[in-house]
Amino acid sequence: MQKTRLVSGVRPTGLLHIGHLEGMLKNTASLQDIYECYPFIADWHSLTDVTDTSNLPHYILQAAVDWLSAGIDPEKSTLFIQSHVSEHAELSTLLTMITPVSWLERCPTYKDKVQNLTQHLNQREGPSTGLLEYPVLMTSDVIVYKAELVPVGADNVAHLEVSREIVRRFNHIYGNVFPEPQPLLTKNAELPGLDGRKMSKSYGNTIQLSDSPETTRKNIMKMVTDPGRIRRNDPGNPDVCPVFAYHKVYNPDEVPQIDKECRSAAIGCVDCKRNLTDNLIAEMTPFYEKRAQWESKPKVVREVLAHGANRARRVAKDTMAEVRAAMNLV
């Protein structure tokens, strides 16, 4: 009996960071024995933010290394590059014909990025049509495999609703072709950036998965802490300290003690960071070891991606044959 299909993608706009590992890569790897998983590298999606593509091949290969190092098994999951399966683009084009612009303009991500473009980049021409149609291509990424599940955090459920609306409209007009993709709520570790803001490649505040343990240690030691704690003997507030958020993930057994010692100033920020670093690197060591192995075999990684694209393409072709028939495009 065919397993339920699940699709999960990551954009190669730069090197992936520890937030990707805890929020997406590990989650997908943990589900591949239960579901038929299609993890992919969304290179087309990255073009909504990036115009200089000189580093894109490197970022794509590194993203594949990260997926594999996190536990994705090519024998169990179909790992591929988005642009290597052209059916994604064909279906996206057809979906744009039935998707109202108003649906796309109200998307929270679109609104945020438009604001960022106008306020920070002063881009007079405004956003690209690719950015506006991002949810349509995202919908295509999912339903071209007739996937029923998309792993998301609770704060991203609203984004998937646009895809569900598009599917409902298509099925209403052309017949019941696609299942409505459902959110699979995952526990996303809330790991802030080194400066306390959201961890983002665009902010340059990330702990990259390709960093060595030594570099990771140096970065953590530079991480901001409770801004209200000026001196060593000042009581701290773990609730506003980015370092404490990492303790919850990589040092959960000591969280109550660290919380108590921080509030009473029994422990300083430097010692707190050292404690975190030791535990984080110990937890990450298996990942580092697997990553070194995969990174040393780029030819094998490319073969995995090519095999995955072939496997994904076979499924996507069958879907598109059904779509064309439903739309009388035969």
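This is a predicted model, so every value here is computed, not measured.

Rules of the game
Residues numbered from 1 in each chain as written. Predicted model: local features only at pLDDT ≥ 70, side-chain atom pairs only at ≥ 80, totals over all residues. Heavy atoms only, no water. Axes fitted to C-alpha atoms, helices over the stretch in contact; angles between N-to-C directions. Helix = DSSP H or I, 4+ residues; strand = E, 2+ residues; numbered from the N terminus. Left-handed = near helix turned anticlockwise from the far one by under 90°. Contact = heavy atoms within 4.5 Å. Nonpolar A, V, L, I, M, F, W, Y, C, P; charged D, E, K, R; others polar. Parallel < 35°, antiparallel > 145°, perpendicular 65-115°, else oblique. Phe/Tyr/Trp six-rings, centres within 6.5 Å; stacked < 30°, edge-to-face > 60°. Buried < 20%, exposed > 50% of the residue type's maximum accessible area, 1.4 Å probe, protein only. Lys NZ or Arg CZ within 6 Å of the ring centre and 35° of its normal. Pairing = 2+ DSSP bridges. Right-handed = clockwise from strand over helix to strand, strands pointing away.

Q: Hey, could you run me through the packing of helix α11 (residues 242-250) against helix α13 (residues 269-295) in this one?
A: Geometrically, a packed helix pair is captured by the angle between its two axes and the distance between the axes. Contact geometry for α11 and α13: axes closest at 10 Å, N-to-C directions at 35 degrees. Relative to α13, α11 is oriented so that their crossing is left-handed. Contacts between α11 and α13 involve Val243, Tyr246, His247 and Tyr250 from the former and Cys272, Lys273, Asn275, Leu276, Asn279, Leu280, Glu283 and Met284 from the latter. Considered class by class, the residues forming the contact of α11 with α13 number 7 nonpolar, 3 polar and 2 charged.

Q: How do you make sense of the packing of α11 against helix α12 (residues 255-263) when you look at a structure like this?
A: Two numbers describe how α11 lies on α12: the axes approach to 10 Å, and their chain directions differ by 160 degrees. For the element pair α11 / α12, the angle class is roughly antiparallel. In this structure, α11 crosses over α12, and the sense of that crossing is right-handed. Packed against α11, whose contacting residues are Phe244, His247 and Lys248, the element α12 presents Val255, Ile258 and Asp259 at the interface. Its residues placed into classes, the contact of α11 with α12 shows 3 nonpolar, 1 polar and 2 charged.

Q: I tried to follow the packing of aromatic side chains on my own but got confused; where do I start?
A: Geometry of an aromatic ring pair is reported as the spacing of the ring centres plus the angle between the planes. Under the criterion given, the structure shown has 6 aromatic pairs. Judged by centre distance (4.7 Å) and plane angle (20 degrees), the rings of Tyr38 and Tyr145 are stacked. Of this pair, Tyr38 sits in strand β2 (residues 36-41) while Tyr145 sits in the loop between α8 (134-143) and β4 (149-152), placing them 107 residues apart in sequence. Between Phe170 and Tyr174, the ring centres sit 5.1 Å apart and the planes meet at 50 degrees, which makes this aromatic pair tilted. You can see Phe170 and its partner Tyr174 sitting in helix α9 (residues 157-174), 4 residues apart, about one turn around the helix. Under the relative-accessibility criterion, Phe170 is labelled buried at 0%. Tyr174 sits in the partly exposed class, given a relative accessible area of 29%. Just above the ring of Tyr203 sits the side chain of Arg197; from NZ or CZ to the centre is 4.0 Å. Of note, Lys297 hangs over the ring of Trp294, and the distance from its end group to the ring centre comes to 5.2 Å.

Q: I would appreciate a short explanation of the pairing of strand β1 (residues 5-10) in the present structure.
A: One face of the sheet, then the other: side chains in a regular strand alternate in exactly this way. Counting buried positions over the 6 residues of β1 gives 5, a clear majority of the element. Judged from the 6 bridges that link them, β1 and β2 form a sheet pairing that is parallel. Counterpart to Val7 in the pairing with β2 is Tyr38. As a crossover connection, the stretch from β1 through helix α1 (residues 18-31) into β2 is right-handed.

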